[in-house]
Amino acid sequence: MMKKEKKQSYVMEVKELIEPVVARLERIDSKISQGKVLKPEYYRNEDLKKMFGLSNNTIIKYRQTGILPYTKLGDIFLYESGKIDKILRSNES
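These figures come from a predicted structure and were not determined experimentally. (Residues numbered from 1 in each chain as written. Predicted model: local features only at pLDDT ≥ 70, side-chain atom pairs only at ≥ 80, totals over all residues. Heavy atoms only, no water.)

Enquirer: What should I look at first to understand the nonpolar core in this one?
Expert: The nonpolar side chains of a soluble globular protein tend to be buried, and buried together. Tyr-43, Leu-48, Ile-59, Leu-68, Phe-77, Tyr-79 and Ile-84 together form the largest nonpolar core, which totals 7 residues. In contact with Tyr-43, not counting residues within four places along its chain, are Leu-48, Met-51, Phe-77, Leu-78, Tyr-79, Ser-81 and Ile-84. (Core = buried A, V, L, I, M, F, W, Y, C linked by side-chain atoms within 4.5 Å. Buried < 20%, exposed > 50% of the residue type's maximum accessible area, 1.4 Å probe, protein only. Contact = heavy atoms within 4.5 Å.)

Here it is in structure tokens:
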């Protein structure tokens with residue numbers, strides 16, 4: 001009987017440790033399933049290439065022609081996600 005009681009005690013301790021983690025994972029899963037995934041405030045060139053399949057030359061051309069609004073921070077080009085969303089919505093058909 002002693003072994004069984006120790007085992008039950010151990011299981012209860014582990015359960016108490018795991019419950020907060022499970023609750024947090026459930027909250028994260030709930031947010032993801034509701035579409036509340038956080039997106040970055042700014043994208044970089046690499047992000048645009050991955051998301052839209054753009055080449056470096058296309059990104060440069062879009063910047064130079066004013067199609068793609070940007071902010072330059074040193075040598076880094078940043079593209080505001082809200083403005084990218086607006087461009088995409090305005091080009092919907």
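Enquirer: When you look at the packing of helix α2 (residues 45-52) against helix α3 (residues 56-64) in this model, what are you seeing that I'm missing?
Expert: The description of two helices packed together rests on the angle between their axes and the distance between the axes. Remark: α2 packs on α3, axes separated minimally by 10 Å, with the N-to-C direction vectors making an angle of 110°. Between α2 and α3, the interaxial angle falls into the category roughly perpendicular. Of the two elements, α2 crosses α3, and the hand of that crossing is right-handed. On the side of α2, the interface is formed by Asn-45, Leu-48 and Lys-49, while α3 contributes Asn-56, Ile-59 and Arg-63. (Axes fitted to C-alpha atoms, helices over the stretch in contact; angles between N-to-C directions. Helix = DSSP H or I, 4+ residues; strand = E, 2+ residues; numbered from the N terminus. Parallel < 35°, antiparallel > 145°, perpendicular 65-115°, else oblique. Left-handed = near helix turned anticlockwise from the far one by under 90°.)

Enquirer: I'm lost on the environment of Glu-19 in this one. Help?
Expert: Of note, Glu-19 is situated in helix α1 (residues 2-33). Once the C-alpha coordinates of Glu-19 and Glu-46 are considered, the two residues, 27 residues apart in sequence, prove to be 39 Å apart.

Enquirer: Explain the confidence of the model for the protein here, please?
Expert: Interpreting fine coordinate detail is not advised for predicted regions of low pLDDT. Averaged over every residue, the pLDDT of the protein is 90; the share at 70 or more is 95%. When mean pLDDT is taken per element in the protein, strand β3 (residues 76-80) scores highest with 97 and α1 scores lowest with 87. (pLDDT = per-residue confidence, 0-100.)

Enquirer: What's the story with the pairing of β3 in this structure? I'm lost.
Expert: Across a regular strand the side chains alternate sides, sitting on one face of the sheet and then on the other. Across 2 bridges, the pairing between strand β1 (residues 42-43) and β3 is antiparallel. Paired with Tyr-43 across the two strands is Tyr-79, which belongs to β3. Where strand β2 (residues 71-73) lies against β3, 3 bridges are found, and the strand directions are antiparallel. By the bridge assignment, Lys-72 is partnered in β3 with Phe-77. (Pairing = 2+ DSSP bridges.)

Enquirer: Is there a simple way to think about the packing of aromatic side chains in this case?
Expert: In this description, an aromatic ring pair is defined by two values, namely the gap between the centres and the angle between the planes. For the structure shown, the criterion picks out 1 aromatic pair. On the numbers, 5.4 Å between centres and 65° between planes, the contact of Tyr-70 with Phe-77 is edge-to-face. Assessed through its relative accessible area of 41%, Tyr-70 is described here as partly exposed. The exposure class of Phe-77 is buried, given its relative accessible area of 17%. The lysine or arginine in question, Arg-63, covers the ring of Tyr-70, its NZ or CZ lying 5.8 Å from the ring centre. (Phe/Tyr/Trp six-rings, centres within 6.5 Å; stacked < 30°, edge-to-face > 60°. Lys NZ or Arg CZ within 6 Å of the ring centre and 35° of its normal.)

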